[in-house]
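# Examining the three-dimensional arrangement
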Amino acid sequence: MSPELREAVEVVSRVLPFRTNAYVMDQLIDWSKIPDDPIYRLVFPHRDMLQPHEYAQLRELVLFKKDEAAIDKLVRTIRMRMNPHPAGQMTHNVPRVNDAPLRGLQHKYKETVLFFPSAGQSCHAYCTFCFRWPQFVGMDDLKFDASETTELVAYLATCPEVTDVLITGGDPMIMNTRSLAVFLESLLVPELAHIQNIRIGTKAVAYWPQRFVTDRDADDLMRLFEKVVAAGKNLAIMGHYSHAVELRNGMAQKAVKRIVSTGATLRMQGPLIRHINEDPAGWAELWTTGVRLGAIPYYMFVERDTGPSEYFSLPLARAHDIFQAAFQMVSGLSRTVRGPSMSAFPGKVVIDGVVTINGEKLFALQFLQARNPDWVRKPFFAKYDDKATWLDHLVPAFGKSKFFFEGADDGIVQARSAKVIPIREALRADAGRCRQ
């Protein structure tokens, strides 16, 4: 690495988390192509991830003045400017019990609860675009984590309409199998029979596939997966892949085969990121390779409006073109993939296409998931804008002043935020709607 690249890592990593490992360094990065190698850009911080004046100020403090108090103050300012918790994660997604927020839980969609085990709040390597970056940088006031499952189980026992639990992070696969078993087995108790699907969000399939193949407790992990499946649950490993190179390695392919051999499913998802994976052929290769190994293409996401989003984001029009071109290259078995999808405040909004109605060029959109279930699959239209990169940048079509969902979810949000349930009552609860 040149001195300039090393300097960028030293300066920018004060703001954004930086971590890598031997597998990423040795197997995924082509060092003859840095800094333009996609995995290098995916993992190593770059100076353009900060605004020019921010980089100049921070560089002066870090390299010359070495004033830690001033560095901390500037870093905090930059991080807060980067929208550390997008889409209402802290303000609207956290359920409450005994008039206090449940630490380590989010409940945005009625059938799905997210759980953040404290032991899984790290990763084998960090992605520079990661929308959960506040989990890793010491911002404890903006962190989701739970040390045990008592409150999770009590909460779920009062929510018979919840069918899915997503264990996320960080990366739960950073935990050893013994620790992971504590969390998974707590969801197999009789009072949680309504939980049908247990999901685990992980980047380990790409950054440390040894976790499923050669790690000391990899075989124990496979037996744990089999136990969950044998208990009648669908275990879905939500594998995060950002580039086709992550599935070319033999170890990565063996990891997929071992996972699906347990009866678990592996679903492939990842964001579309400028500098990393703009080539439609790369997406087509990733999806077709995954299908051949037994994985299921699931989502292509739009890069979220957080962190260094100016560096990574692509216009929605460009995102649609890339998805459409990749979709055309694959067979029907790969066309389970959905996208490009924005995980925005009101829900997951997919760009279905670009259409012309009454001479007006428009984006055709719909909700794949929403805070209000009545919005799901309800089509709506926005004026075509070749510069817009997020839902907030779009303007309603046909002269309307706002989209049908704007302002409509206030009652839902307030109901979820205001009501409480005592833990002792929750443990004894039987049927009825989730009392949040």
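Residues numbered from 1 in each chain as written. Predicted model: local features only at pLDDT ≥ 70, side-chain atom pairs only at ≥ 80, totals over all residues. Heavy atoms only, no water.

Running from N to C, helix α4 (residues 52–65) and helix α5 (residues 68–81) point in directions that differ by 155°, and their axes come no closer than 10 Å. Of the possible angle classes, the one that applies to α4 and α5 is roughly antiparallel. Along this stretch, α4 crosses α5, giving a crossing that reads as left-handed. Touching E54, Q57, L58, L61 and V62 of α4 are A70, I71, L74, V75, I78 and R81, all from α5. (Axes fitted to C-alpha atoms, helices over the stretch in contact; angles between N-to-C directions. Helix = DSSP H or I, 4+ residues; strand = E, 2+ residues; numbered from the N terminus. Parallel < 35°, antiparallel > 145°, perpendicular 65-115°, else oblique. Left-handed = near helix turned anticlockwise from the far one by under 90°. Contact = heavy atoms within 4.5 Å.)

Along the chain, N372 falls in the loop between β12 (360–370) and β13 (380–383). Separated by 263 residues in the primary sequence, N372 and Y109 place their C-alpha atoms 7.8 Å from one another. Within the structure, the side chain of N372 is placed 2.9 Å from the backbone nitrogen of D374, a separation counted as a polar contact. (Polar contact = N/O pair within 3.5 Å; in protein donor to acceptor, adjacent residues only side chain to side chain.)

In this section: the packing of aromatic side chains. Under the defined criterion, the tally for this structure stands at 25 aromatic pairs. With 5.1 Å between their ring centres and 85° between their planes, F367 and F405 make a pair best called edge-to-face. On the criterion of sequence distance, the pair formed by F367 in strand β12 and F405 in the loop between β13 and α14 (410–418) is long-range, its members being 38 residues apart. Grouping residues by exposure puts F367 and F405 together as buried. A connected cluster of aromatic rings, assembled from ring pairs, spans F367, W375, F380, F403, F404 and F405. If you follow R371 out to its NZ or CZ, it ends over the ring of F345, 4.1 Å from the centre. Directly above the ring of F404 sits K378, whose terminal nitrogen or CZ lies 4.4 Å from the centroid. (Phe/Tyr/Trp six-rings, centres within 6.5 Å; stacked < 30°, edge-to-face > 60°. Buried < 20%, exposed > 50% of the residue type's maximum accessible area, 1.4 Å probe, protein only. Lys NZ or Arg CZ within 6 Å of the ring centre and 35° of its normal.)

A word on the nonpolar core. Of all hydrophobic cores here, the largest spans 98 residues; its most connected members are L42, L58, L156, Y207, F212, F225 and Y241. Setting aside residues up to four positions removed in sequence, F225 forms contacts with M173, I200, F212, L235, I237, I259 and T262. In terms of nonpolar packing, the next biggest core, distinct from the first, is built from 20 residues, L316, A344, V349 and I351 among them. (Core = buried A, V, L, I, M, F, W, Y, C linked by side-chain atoms within 4.5 Å.)

Right, let's get into the environment of Y298. The residue Y298 is located in strand β9 (residues 296–302) in this model. Since its relative accessible area comes to 14%, Y298 is described here as buried. Placed 28 residues apart in sequence, Y298 and G270 show a C-alpha to C-alpha distance of 8.8 Å. Setting aside anything within four residues of it in sequence, one finds Y298 in contact with R199, M238, R267, M268, Q269, T336, V337 and R338.

All right, on to the packing of helix α1 (residues 3–12) against α4 then. Axis separation between α1 and α4 bottoms out at 9 Å; the angle between their running directions is 90°. With respect to each other, α1 and α4 are oriented roughly perpendicular. Where α1 approaches α4, its residues E7, A8, E10, V11 and V12 are matched on the opposing element by Y55, L58, R59, V62 and L63. Split by residue class, the contact of α1 with α4 holds seven nonpolar, no polar and three charged. (Nonpolar A, V, L, I, M, F, W, Y, C, P; charged D, E, K, R; others polar.)

A sheet is described by the order of its strands in space; here 11 strands give the open sequence β3-β4-β5-β6-β7-β8-β9-β10-β11-β12-β13, paired in mixed fashion. On the outer flanks of this sheet lie β3 (105–109) and β13, each paired with one strand and no other. Each adjacent strand pair in this sheet contributes to an overall mean axis angle of 30°, direction not counted. Looking at chain direction, strand β11 (residues 347–357) and β12 are connected through 10 bridges and run antiparallel. Directly across from V349, in β12, lies its bridge partner F367. (Pairing = 2+ DSSP bridges.)

Attention now moves to the pattern of salt bridges. Scanning the model with the defined rule gives 14 salt bridges in all. For D164, the salt bridge goes to R199, with nearest N and O atoms at 2.8 Å. Taken together, the residues span a long stretch of sequence, with D164 in strand β5 (residues 164–167) and R199 in strand β6 (residues 197–202) at a distance of 35 residues. The same class applies to D164 as to R199, namely buried. D386 is paired through a salt bridge with K387; the nearest N and O atoms lie 3.6 Å apart. Each of the salt bridges in this network shares a partner with another, and the network as a whole consists of E54, R81 and E310. (Salt bridge = Lys/Arg side-chain N within 4 Å of Asp/Glu carboxyl O.)

Purely spatial values, then, with no claim about function.
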